Amino acid sequence: MHNEARSTQRKLATSTGEVNFLLLLALTLSICPFQASSQTVEVTRTGQVITAPSDVAAPPPDAEITSSGLAMKVLKAGIGTVHPATNDCVSANFVAWKTDGSLFSTSTSMDNSEMLCLNAGIIGVSEALKEMVVEEKRRLWVPEDLTFREHHHHGQRRPEDEEPPRGDLTFDVELLSIIKAPPTPADLAQPPASATRTSSGLAYQVLRDATGSVHPSLKDKVMVHFSCWKSDGTLFETTEMGNHPALVTLATAPAGWREAIPLMVVGEKARFWIPAVLAFGDRPANRFNPAGDLVYDIELLTVQ
Amino acid sequence: MSRRAPSVNSLFRFFALWTCFLAALNADAAKRAEVLTRGYNNQRTAANLVEKKLKPSKVDPKQFGKLFMLPVDDQIYAGLLYAADLEIAGHKHNVLFVATVNNSVYAFDADHFGPPLWHRNFNGSGRPTRNTEVGQACRIYNDFIGNIGIVGTPVIGPDRTMYFVTRMVEGDATVQRLRAIDITTGADRPNSPQIIQATVSGTGDDTNGSVVRFNPLTENQRPALALADGTVYIGWASFCDTRPYHGWMISYDASTLKQIGVFNSSPNGNMAGIWMSGAGPVLDQSGNLYFSTGNGSYDGTTGFGESLVKVQAKTLHPLDFFTPSNFNTLNDFDLDFGTQGPTMLPGTNHLLVGGKEGKMYLLDAGKLGGQSPGDIQISQVVQAVDPTVRPTLTHHMHNAIPVWESPEGLNVYVWGESDFLRVYRFDPSTHKFATKAVATGSILAPSGMPGGMMTISSNGSHSGTGILWAALPRAGDANQMTVPGALYAYDAENLKLLWSSTAAGDDPLNFAKGSPPIVANGKVYMASISNFVSVYGERKGAPKFQNLALRGKATGSRPCDPTQTADKAFNGSTENGPSDKWCSSDANPFLQVDLGRVSEIGRVVVEHAGAGGDDFNLNTRDFNIQVSADGQTFSTAASVKGNIQSITTHDIPPTEARYVRLTVTTSQATQAPPANIYELQVFPAADLNQASSHGGR
């Protein structure tokens with residue numbers, strides 16, 4: 001039955017001329033899930049049929065099972081050897097079903113516009129993507145505890161509030177491209193012995209020299225490329241992945257920046273270890289800012 | 001010498017010339033900008049295309065800045081409105097209309113500082129709802145701080161009637177009313193007000209088994225009101241997703257205020273609120289409405305959570321919808337689709353709308369397409385907010401997407417959370433957008449919500465006239481607290497930064513997250529949650545100094561370092577960071593200003609640590625504001641405990657005073673020193689006088 005289902009999908013692909021697996025499932029509203037033989041299909045209002053994988057309910061014996069409980073199986077081999085890393089973002093397509101075969105969710109399939117950053121994605125999907133290469137497609141059996149993070153920006157839900165549907169999910173994921181994050185510094189935890197330390201607790205190391213002699217003052221605005229990591233290696237922010245620098249007003253920047261940038265000259269790139277007290281503190285009032293010590297790579301482009 | 005009687009020909013010629021002159025005058029008046037509805041028009045383009053005075057070459061720190069501030073009685077969440085050449089009490093004015101969460105509406109002369117032309121408060125024997133009374137899903141609902149009265153942007157009709165919804169607690173009951181007033185006087189129109197009530201058949205939240213009833217306590221009238229063809233449209237959502245609630249859209253006859261149609265987005269389920277960050281629904285040429293919904297029940301039949309919904313004019317019968325194929329994911333991740341209202345692209349039948357994923361959806365208004373795996377039934381989806389800049393944060397889009405037909409093509413502007421301002425261009429040959437931004441701004445928004453609230457001014461599509469105006473937090477997350485704001489002006493053709501409000505004297509105070517700036521006839525109006533509207537324009541002379549404490553003689557407790565002296569709190573500036581504030585580590589420190597003469601004062605504004613870029617945890621927690629006429633005997637005019645805000649506004653009873661003193665009892669949230677004050681401003685009571693204040697239900 002499993003092979004028959006896949007055969008049906010290939011026929012559809014041929015008849016429509018579409019190359020994307022998702023497009024094969026591009027039918028209209030699903031309203032009526034039912035069991036046909038051992039497969040769950042959904043009949044849309046227009047009478048079209050969406051077929052869930054025959055193994056949607058549980059991974060087959062040949063699926064790889066990781067220590068987290070994630071199960072996965074390669075459906076199509078990819079190209080190259082580069083895998084997404086924790087701080088990377090990717091373009092990917094996916095289809096997700098509940099284990100009863102009802103369709104749960106699909107990605108947007110146009111223009112490779114479904115961008116996922118692994119640090120913010122569905123836990124099990126991010127774990128699988130780290131194993132994949134571009135153009136590879138895998139089926140994932142994601143246990144409930146690896147699906148959705150306990151997160152709600154309004155705060156804690158009340159018991160009577162509707163809970164999101166829980167349960168295991170089965171994904172077909174295709175990795176389309178990888179947007180590589182800047183390399184994570186090896187010495188996040190503490191600056192190397194060769195770093196220069198200031199009396200405030202700031203430490204820095206020049207990564208690329210420049211020949212200028214003019215240093216920015218606190219009254220200046222500076223155009224910079226920068227990347228920031230938390231001490232656990234999580235990339236908090238970067239202008240490098242989008243390749244677009246930022247204009248920063250030094251006077252109102254965090255204290256660590258106010259000390260760091262005037263140490264630089266235009267064209268220079270340096271790494272700064274900024275203690276929490278000079279960054280956003282250990283308990284930032286803005287919950288979107290990172291707590292604790294931070295490491296910044298900063299390239300000073302211009303001074304205004 | 002005899003005088004010849006004028007010939008018929010010359011009389012005719014004179015009459016023709018006079019007619020032409022009057023026609024020219026009328027044409028000139030017709031070209032004056034008005035803002036009678038949110039986003040300038042029912043397509044919600046957020047573009048004023050008849051702006052002749054403001055152009056990129058005129059907007060720089062030397063020529064442009066704040067002209068004056070208009071004080072009001074409470075915070076401003078509703079959008080500002082503007083009518084040109086309005087006759088009030090025998091004189092013509094350009095008039096700015098401001099609605100506050102204290103259920104007040106003001107009419108100000110938009111060009112000159114002065115008391116309101118009229119002011120009306122609608123509390124009557126009731127009072128506005130308070131944020132502690134709603135939104136328990138957040139424990140305390142801090143999306144608002146204090147009163148929650150008028151929130152949705154009013155709308156003004158062709159007969160100069162303004163429609164809006166007040167929200168009051170009367171006894172134990174919360175009552176919402178639709179009101180219609182004459183904008184020349186503030187007086188009620190016939191049949192106004194009407195209590196908001198509605199029912200639909202359904203088995204969802206708040207049902208009695210078969211009928212769902214409008215719940216005035218949990219329903220938040222957040223989106224802008226709309227008006228077309230004699231019908232007023234009003235939408236509702238929730239406070240912090242606190243159930244029971246639904247998305248409601250209700251239509252009323254603009255003359256009789258009788259209810260015409262009712263639409264409920266989840267009658268057999270729950271939630272699916274219509275809030276759109278305060279934006280208004282789009283109306284097409286047939287009068288049909290388009291609006292978006294947030295988290296909630298979806299079945300594509302009666303449940304339309306996470307959807308763009310099209311309903312019929314007047315009756316509100318559902319006609320069509322679009323629901324993203326990942327709606328389950330959006331629900332589960334609290335990634336509401338409906339954080340933006342749609343925008344109709346000029347010259348097309350396309351709608352553009354974004355949501356919390358930072359994607360913008362291009363839809364055919366004639367065929368929205370329902371829900372389909374992969375979203376392939378719609379025109380395009382573009383990841384418009386770049387998630388790679390801050391990969392672990394949110395990338396929401398709020399309010400609505402402004403659009404401008406630039407000399408180079410149709411531009412749309414996106415400033416999502418934690419990202420740069422970006423402009424995308426529509427290709428009329430493919431009817432799609434280039435997926436890569438054609439220009440990107442240089443300012444990275446602070447971490448958190450809500451991104452930029454934007455408007456455009458231009459003289460048509462002429463090169464060298466387009467300006468993108470954006471209000472943005474200058475620090476902090478505006479979702480669950482108030483944060484300092486900033487106004488930026490960009491060249492709309494290339495996103496070159498022209499001007500920002502960071503210079504001394506240009507501070508707009510707290511960011512009004514529900515109220516984007518508006519532009520009309522050479523001036524920019526920016527609301528704040530500090531109970532002021534700031535008016536910006538071409539500076540032809542010294543700006544009006546309303547702050548009595550500006551450059552007053554300052555004294556205070558011993559400074560933290562020699563640069564952080566008391567005078568820094570009265571220099572009109574927060575722009576220079578820590579060297580631009582008063583700081584003292586003394587026990588119970590004080591800061592004092594001598595106004596130079598005894599004045600009747602009525603308002604004090606304090607800019608704490610966060611206003612200058614410091615961590616908000618350093619904001620002054622407990623403090624007293626004291627006043628004195630002689631510098632010897634002080635009385636306490638305001639006492640504050642537990643403050644967490646960066647900018648606080650304190651209205652005090654009109655008091656004759658020459659000296660104003662701030663005494664700090666607890667410097668910071670951590671109860672540790674030092675105290676940090678960037679600015680302390682004092683305003684005369686006369687500025688706060690209300691022209692007229694006839695209240696009533």
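Everything quoted here is computed from the prediction, not taken from an experiment.

A closer look at the sheet that holds strand β18 (residues 259-264) of chain B
All names here are of chain B.
Point 1. Strands sit in the order β15-β16-β17-β18 across an open sheet of four strands; the sheet is antiparallel. Only two strands of the sheet have a single neighbouring strand rather than two, namely β15 (226-228) and β18. Taking each pair of neighbouring strands and ignoring which way they run, the sheet shows an average axis angle of 15 degrees.
Point 2. With five bridges connecting them, strand β17 (residues 248-253) and β18 associate as antiparallel partners. Bridging across to β18, I250 finds its partner in V262.

Here we look at the pairing of strand β14 (residues 235-238) of chain A
Residues and elements named next belong to chain A.
Point 1. By the bridge criterion, three bridges tie strand β13 (residues 221-230) to β14 in an arrangement that is antiparallel. Residue pairing across strands places W229 opposite L235, the latter belonging to β14.
Point 2. What sits between the antiparallel neighbours β13 and β14 is a turn of four residues, in which G233 has the positive phi angle 95 degrees.

Regarding empty space enclosed by the protein
If you roll a probe as big as a water molecule over the atoms, it shows you where there is empty space left.
Residues and elements named next belong to chain B.
Point 1. Taken as a whole and judged by the stated rule, the model has nine cavities of 30 Å³ or more.
Point 2. The volume enclosed by the second largest cavity comes to roughly 160 Å³.
Point 3. Lining the second largest cavity are 17 residues, with R38, G39, A46, N399 and P516 positioned closest to its centre.
Point 4. In the lining of the second largest cavity, the residues fall into 10 nonpolar, five polar and two charged.

Things to note about the pattern of salt bridges
Residue and element names in this part refer to chain A.
Point 1. Applying the stated criterion across every chain, the model contains 37 salt bridges over all chains.
Point 2. A salt bridge links K180 to D88; the shortest N-O distance between them is 2.5 Å. Of this pair, K180 sits in the loop between β10 (169-179) and β11 (196-197) while D88 is found in the loop between β5 (71-76) and β6 (89-98), placing the two residues 92 residues apart along the sequence.
Point 3. Given the relative accessible area of 42%, K180 is considered partly exposed.
Point 4. The exposure class assigned to D88 is buried, which follows from its relative accessible area of 3%.

Overview of unusual backbone geometry
In terms of backbone geometry, most residues other than glycine have negative phi values and most peptide bonds are trans.
All names here are of chain B.
Point 1. Of note, the amide linkage connecting M449 to P450 takes the cis form, showing an omega dihedral of 5 degrees.
Point 2. As for its placement among the helices and strands, P450 is situated in the loop between β32 (439-444) and β33 (453-457).
Point 3. Of note, the phi angle at A89 is positive, near 50 degrees, even though the residue is not glycine.
Point 4. In this structure A89 comes out as exposed when scored by relative accessible area, which is 75%.
Point 5. Phi is positive for A272, which is not a glycine, with a value near 65 degrees.
Point 6. Mapped onto the secondary structure, A272 falls in the loop between β18 and β19 (282-283).

Thoughts on the domain arrangement of chain A
Residues and elements named next belong to chain A.
Point 1. Here chain A is described as being made up of domain 1 (18-179) and domain 2 (196-303).
Point 2. The interface of domain 1 with domain 2 comprises six residues on the first partner and six residues on the second.
Point 3. For the pairing of domain 1 and domain 2, the buried interface totals around 400 Å² over both sides, and the portion due to carbon and sulfur atoms is 51%.
Point 4. Taken together, the links from domain 1 to domain 2 amount to zero salt bridges.
Point 5. Counting across the interface, domain 1 meets domain 2 through two residue pairs in polar contact (both at pLDDT 80 or more).
Point 6. Of the residues assigned to the side of domain 1 that touches domain 2, the class counts are two nonpolar, three polar and one charged.

Section: the packing of aromatic side chains
All names here are of chain B.
Point 1. Within this structure, the stated rule accounts for 32 aromatic pairs over all chains.
Point 2. When the centroid spacing of 6.5 Å and the interplanar angle of 20 degrees are considered together, the rings of F64 and Y536 count as stacked. One end of the pair, F64, is in strand β2 (residues 64-71); the other, Y536, is in strand β39 (residues 532-538), with 472 residues separating them in the sequence.
Point 3. Residue classification places F64 among the buried positions, given a relative accessible area of 0%.
Point 4. Of the residues examined, Y536 reaches a relative accessible area of 0% and is grouped as buried.
Point 5. Seen in terms of ring centroids, F426 and F433 are 5.2 Å apart; in terms of plane orientation they differ by 65 degrees. Their pairing is edge-to-face. Pair check on accessibility: F426 and F433 agree, each one buried.
Point 6. Through a chain of ring-to-ring contacts, three or more aromatic side chains come together here, namely F263, F291, Y298, F304, F321 and F327.

Basis of the calculations
Residues numbered from 1 in each chain as written. Chains lettered and ligands numbered in written order. Predicted model: local features only at pLDDT ≥ 70, side-chain atom pairs only at ≥ 80, totals over all residues. Heavy atoms only, no water. Pairing = 2+ DSSP bridges. Helix = DSSP H or I, 4+ residues; strand = E, 2+ residues; numbered from the N terminus. Axes fitted to C-alpha atoms, helices over the stretch in contact; angles between N-to-C directions. 1 Å grid on protein atoms, 1.4 Å probe; cavity = no way out; pocket = protein on both sides within 12 Å on 5 of 7 lines; lining within 4 Å. Points joined across faces, edges and corners; volume = space filled by probe spheres on them. Nonpolar A, V, L, I, M, F, W, Y, C, P; charged D, E, K, R; others polar. Salt bridge = Lys/Arg side-chain N within 4 Å of Asp/Glu carboxyl O. Buried < 20%, exposed > 50% of the residue type's maximum accessible area, 1.4 Å probe, protein only. Domains from an automatic or database assignment. Contact = heavy atoms within 4.5 Å. Buried area = accessible area lost by both parts, 1.4 Å probe. Polar contact = N/O pair within 3.5 Å; in protein donor to acceptor, adjacent residues only side chain to side chain. Phe/Tyr/Trp six-rings, centres within 6.5 Å; stacked < 30°, edge-to-face > 60°.

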